[in-house]
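Residue-level listing of the chains:
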Amino acid sequence: MDPRLPAASASVPEGVLPLPHGRLDFDQVAAALVADGLVAAADLERIRFSAQGARNASEVHPLVLLANLKLGASAGGELGLERLSEWLAQRAGVRYLRVDPTRVDVSAVTALVSHAYARRHRFLPLAVDSERVLVATSEPLAQEWLRDLQHLSRRRIELAMVNPLDLHRYTMEFYGVTRSVRGARGDVRGETSSTLPSFEQLVELGRAGDVNADDQHIVHIVDWLLQYAYEQRASDIHLEPRRDMGRMRFRIDGVLHKVFEVPPAVMTAVVSRIKVLGRMDLAERRRPQDGRIKTRSPGGREVEMRLSTMPTAFGEKCVMRIFDPDAAFKSIDQLGFSPQEAAGWTALVERPHGIVLVTGPTGSGKTTTLYSTLKRLATPDVNVCTVEDPIEMIAPEFNQMQVQTNIDLDFASGVRTLLRQDPDIIMIGEIRDLETAQMAVQASLTGHLVLSTLHTNDAPSAITRLLDLGVPHYLLASTLNGVLAQRLVRTLCASCKVPTVLSAEQWAVLTDADAALPQAPTPYAPVGCIDCRRTGFLGRVGLYELLPLGSSLRRHIRADMDLAAFNRAARAEGVRTLRRAGLEKVAAGLTTIEEVLSVLPPPDEFRPVPDS
């Protein structure tokens, strides 16, 4: 049985008089609200009069009409559509459900019944397994269709009540995208493109053809895909071709979720459509390409997407990274800094010159930290210049330059150019080689503040990394202001997390010699609910290790630097390690030990080697 299918429906509560069977009637629903004490009896006539004009419109659901009246419940609060839907579910003796579209196999559920039939009877299949079909409905008492569906599917039917507006919306979206996929497939005689650069091509004689990237069905699929990604808070969209069925997946809170499957020919056309929008070479499918799309989200915000394609065994794979301005530009408090860390980081980046580094693996939030910091520093009286590969988010407050290796414009030559542009603050996308590191040192020595990134496990390792690149230790000691190491961990869903008790062994996995907490920990465990897609986690928060370099720590920077001794000296000065930051987040009930350990390197890489 599919574990994603919810449990069985609830039974009719005792003492609840059921509504008459059949399509819901406005007057009967309003009277039932009065009978249950949610609406005062004196308001009944006013309700009927207010909705008199719309009650004759049979397509408008009674709960929608009642929600639009913005009634105040006698028990307090407003009778919104969600609350009314939950009340009706209890009245009808069925379970109330909020639809999570990322867990719906759209192609499977839309194949059960036609769009017209589902729309006429106001229901939508949500999940199918070998034994049952989970069906969402906004008319739980009108079940004349149930016997037909049970006969067609040869499975047990399980009902759940959903918000009428959600039901209408997802019915239109699911059947709409399915219709577009079928329409695109119908434009060719086969499902396999003869021009698909596949290393394991399955050739079926008599079948050939391509779907046009400008076909209306393909345009609709791409528009739906982008809007869907915005709504689900996706950070990346993955389009992955396969021989039989191509996969579309979203990365949400750092985890990939499969959302749809399409035939290979449709996948090829979808990727081609995205390449057209990103002004990429449509004819070139053998080489990787990069592009950008700027679009407007359904909420009206302008959203940028960075595109990357690469050739695979079955065609071009495309990844779209979504940069939402609301996510890319945050305040220091929104980034998850503690008050002490926020004050320390602000002090570092407000110095007039020197180098400040942000370290961490790919996907740890370094770009968000840098952009948010630069946004704060970019006042009208300073000149902020960046050199990036690629430009992640275009910001009007900065002067941004793109690295272009085909014309020998790399990071080092880019910084060399910026030094002639009268900058106050320079941001280098990444220090990868000695030449770039030397230019960063040169820029800081000439009175500029330089911000950049490195890929290291923790903050002290950034110093040894620069020494390994060949930066002289005396220049590094005089120019480096500080290092910030960071990670991202998923945060527990506030709606469903529960307190838990951890053993001493579990705490010992995360703690170290200087990580004793001043207060008793209150850890929580994930459960899973409709708000967090049954994962138990919603959103992410940063773990930070801030290492400001004072005069005592600078004395430890030598050509033969002892990293273990430097670590001990840094901890003696109060530097909070990533492990300590993770422990505090666990103790505060924001995340779990498993989440923290999943983003940290092994303990041996943190613990200094004891003196012999």
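Rules of the game
Residues numbered from 1 in each chain as written. Predicted model: local features only at pLDDT ≥ 70, side-chain atom pairs only at ≥ 80, totals over all residues. Heavy atoms only, no water. UniProt positions renumbered as here; feature names shortened; annotations may be inferred. Pairing = 2+ DSSP bridges. Helix = DSSP H or I, 4+ residues; strand = E, 2+ residues; numbered from the N terminus. Contact = heavy atoms within 4.5 Å. Axes fitted to C-alpha atoms, helices over the stretch in contact; angles between N-to-C directions. Left-handed = near helix turned anticlockwise from the far one by under 90°. Nonpolar A, V, L, I, M, F, W, Y, C, P; charged D, E, K, R; others polar. pLDDT = per-residue confidence, 0-100. Core = buried A, V, L, I, M, F, W, Y, C linked by side-chain atoms within 4.5 Å. Buried < 20%, exposed > 50% of the residue type's maximum accessible area, 1.4 Å probe, protein only. Parallel < 35°, antiparallel > 145°, perpendicular 65-115°, else oblique.

Where an unreviewed UniProt entry is consulted, the chain appears under the name General secretion pathway protein E, with the organism given as Stenotrophomonas rhizophila. Turning to the chain, the UniProt record has this under Sequence similarities (unreviewed entry): "Belongs to the GSP E family."

Focus: the sheet that holds strand E1 (residues 95-96)
Strand order across the open sheet formed by four strands is E1-E4-E3-E2, with mixed pairing between neighbours. In this open sheet, the two edge strands, each paired with only one partner strand, are E1 and strand E2 (123-128). One ladder, built from six bridges, connects strand E3 (residues 132-137) with strand E4 (residues 156-161); its direction is parallel. What sits directly across from Ala 136, in E4, is Ala 160. The strands touched by helix H8 (residues 146-153) within the sheet are E2, E3 and E4, with E4 carrying the most contacts at an inclination of about 135 degrees.

Considerations on the packing of helix H13 (residues 339-349) against helix H14 (residues 366-377)
Between H13 and H14, the shortest axis-to-axis distance is 11 Å and the interhelical angle comes to 65 degrees. The element H13 and its partner H14 pack so that their crossing is right-handed. Contacts between H13 and H14 involve Trp 345, Thr 346 and Val 349 from the former and Thr 369, Thr 373, Arg 376 and Leu 377 from the latter. When grouped by side-chain class, the residues that make up the contact of H13 with H14 number three nonpolar, three polar and one charged.

Brief notes about the confidence of the model for the chain
On average, the chain scores 81 in pLDDT, and the residues at 70 or more come to 83%. The least confident element of the chain is helix H3 (residues 52-55), whose mean pLDDT is 57; the most confident is strand E11 (residues 354-359), at 95. Note that residues 188-209 has pLDDT below 50 and, in this model, 40 contacts with residues that lie over four places away or in other chains. Predicted confidence is poor over residues 605-612, with pLDDT under 50, and the contacts of this stretch with residues over four places away or in other chains come to 20 contacts.

Quick look at the sheet that holds strand E8 (residues 289-296)
As summarised here, the arrangement of the six strands in space is E7-E6-E5-E10-E9-E8, forming an open sheet in which the pairing is antiparallel. Of all strands in the sheet, those with a lone pairing partner are strand E7 (255-262) and E8, marking the two edges. Averaged over all adjacent pairs, the angle separating strand axes in this sheet is 20 degrees, with direction ignored. As defined by bridge partners, strand E9 (residues 302-312) adjoins strand E10 (residues 315-323) across nine bridges and the pair is classed as antiparallel.

Here's the deal with the UniProt feature "domain: Bacterial type II secretion system protein E" (unreviewed entry) in the chain
Annotation from UniProt places "domain: Bacterial type II secretion system protein E" (unreviewed entry) at residues 419-433. Helix makes up 0% of residues 419-433 and strand makes up 27%, while its end C-alpha atoms are separated by 19 Å.

Description of the nonpolar core
By size, the foremost hydrophobic cluster in this structure holds 90 residues, and its most contacted members are Leu 239, Met 248 and Met 320. Per-element accounting of this core gives the leading share, nine residues, to helix H10 (residues 216-231). Other than its neighbours up to four places away in sequence, Leu 239 contacts Leu 225, Arg 247, Met 248, Met 267, Val 270, Val 271, Ile 274, Glu 316, Lys 317, Cys 318 and Met 320. Counting residues in each nonpolar core, the second largest holds 51 residues, with Ala 443, Leu 466, Ala 570 and Val 575 among its members.

A look at the packing of helix H15 (residues 411-418) against helix H16 (residues 434-445)
Taken N-terminus to C-terminus, the directions of H15 and H16 make an angle of 20 degrees; their axes are 8 Å apart at the nearest point. Considering the angle they form, H15 stands roughly parallel to H16. Like other packed secondary-structure pairs, H15 and H16 cross with a definite hand, here left-handed. For the pair H15 and H16, the contacting residues are Phe 411, Ala 412, Val 415 and Arg 416 in the first and Glu 435, Thr 436 and Met 439 in the second. Across the contact of H15 with H16, the residue classes tally to four nonpolar, one polar and two charged.

A word on unusual backbone geometry
Residue Pro 390 is bonded to the preceding Asp 389 through a cis peptide linkage, with omega at -10 degrees. Not every positive phi belongs to a glycine, and Arg 279 is a case in point at roughly 55 degrees. By relative accessible area, which is 80% here, Arg 279 ends up exposed. Its identity is not glycine, yet Asp 422 carries a phi of approximately 50 degrees, on the positive side. Mapped onto the elements of the fold, Asp 422 is located in the loop between H15 and strand E14 (425-428). Looking at Asp 422, the relative accessible area reads 64%, which means it is exposed.

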